[in-house]
Amino acid sequence: MKRGLKVFVGLACFFVFGLPAFSQPSSRSIETFLMDSFDAANGQNYLYNGETLNWDWAVNSSRFVAEGYPKFGYYDGISNSLKQLLKGSGVEHKVFGVKTAFDRKGDNWFEIYPTKDGKPFEIPFIGTVSAMDFWVWGANYNYTLEVMLRDALGRIHVLQAGNLAFKGWKNIVVNVPTYIQQHSHLRSGPENMTLVGFRIRSDASEFVDNYVVFFDHIKFTSNSLSFIYDGYELNDVNFGDSSRALSSGDAK
């Protein structure tokens, strides 16, 4: 019995520890990716699946937005913490800012979302994301911030990012729940979870005639190897566009 037990334990160790390392991506392979520094429009150079992605940002608002609003653009600025971290980079730092006004109090909102070629664009995440990290400049108004994500099945999830009733810059971290499906086994449709944008809502009793907010440095923490497997590159093989039907000989 002891000899049989040793053989069983030996086989178990082989299957657990003896597999090739490349077939077992480490669950501890955690990286931080910079999604957007807002230093320039269309200047991200975000590398995703071997492709360099760039985008701009736009804003839309709910129905009672005042005429001529929202106003938005890139402005000189950076938080003191990031200024020290990026000291000596030689980059002229900018942030993305929005100014809004509404004609009446109530459930007013506006959305900040990425665009490409003048159309809404959703930024794909890399790996399995555990948290998002970004800086927000608050004007001490009782407004709330939401992050909108689309999972790999096409469903949108709205994550609460807290109240914006503070002055100046604040680093906000939003954990991504494990119930959100970040990868799809389907060969068509979205491959990974994407960032749809941000939504800011006013409290029903808060002033709405002169609101300003700024965003900077969107990052995310991810296990970048969590969905990589042996032969992953074969996903992108080009079989051509032939619609030739199988003959009886092909089907054998």
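About the thresholds
Residues numbered from 1 in each chain as written. Predicted model: local features only at pLDDT ≥ 70, side-chain atom pairs only at ≥ 80, totals over all residues. Heavy atoms only, no water. Phe/Tyr/Trp six-rings, centres within 6.5 Å; stacked < 30°, edge-to-face > 60°. Helix = DSSP H or I, 4+ residues; strand = E, 2+ residues; numbered from the N terminus. Buried < 20%, exposed > 50% of the residue type's maximum accessible area, 1.4 Å probe, protein only. Salt bridge = Lys/Arg side-chain N within 4 Å of Asp/Glu carboxyl O. Pairing = 2+ DSSP bridges.

K.L.:
Please give an account of the packing of aromatic side chains that cites residues and values.
P.N.:
The relation between two aromatic rings is expressed through the spacing of the ring centres and the mutual angle of the planes. With the rule as written, the count across this model stands at 18 aromatic pairs. Aromatic side chains Phe72 and Phe96 sit 6.0 Å apart centroid to centroid with 40 degrees between the ring planes, which places their arrangement in the tilted category. A residue pair is termed long-range when its members are at least 10 positions apart, and Phe72 in strand S5 (residues 71–76) and Phe96 in strand S6 (residues 94–100) qualify at 24 residues. Judged by its relative accessible area of 1%, Phe96 is buried. Between the aromatic rings of Trp137 and Phe214, the centroid separation amounts to 5.3 Å while the plane-to-plane angle is 85 degrees, which identifies the pairing as edge-to-face. In this pair, Trp137 is assigned in strand S10 (residues 128–139) and Phe214 in strand S15 (residues 211–223), connecting sequence segments 77 residues apart. Of the residues examined, Phe214 reaches a relative accessible area of 18% and is grouped as buried.

K.L.:
Can you tell me about the pattern of salt bridges, naming the residues and giving the values?
P.N.:
Per the stated rule, a full pass over the model turns up 8 salt bridges. In this structure, Arg201 and Glu146 form a salt bridge, with 3.4 Å as the shortest nitrogen-oxygen distance. Residue Arg201 is found in strand S14 (residues 194–202), and its partner Glu146 is found in strand S11 (residues 143–150); the two are separated by 55 residues along the sequence. Among the residues examined, Arg201 registers a relative accessible area of 23% and is labelled partly exposed. A salt bridge links Asp151 to Arg155; the shortest N-O distance between them is 3.0 Å. Members of the salt-bridge network, linked through shared partners, are Asp107, Glu111, Glu146, Arg199 and Arg201.

K.L.:
Provide a residue-level description of the pairing of S11, including the pertinent values.
P.N.:
Counting buried residues along S11, 6 of its 8 residues qualify, which places the element largely inside the surrounding structure. In terms of strand pairing, S11 meets S14 through 8 bridges, oriented antiparallel. Bridging across to S14, Met148 finds its partner in Gly197.

K.L.:
I'd love a proper account of unusual backbone geometry, names of residues and values included.
P.N.:
In this model, Tyr69 is joined to Pro70 through a cis peptide bond whose omega is 0 degrees. By the element assignment, Pro70 lies in the loop between strand S4 (56–61) and S5. Unlike most non-glycine residues, Asn45 shows phi in positive territory, near 50 degrees. With respect to the secondary-structure elements, Asn45 resides in the loop between strand S1 (30–36) and strand S2 (46–48). With a relative accessible area of 53%, Asn45 lands in the exposed category. Positive phi, normally seen in glycine, also occurs at Asn140, with a value near 65 degrees.

Taken by themselves, the reported measurements are silent on function.
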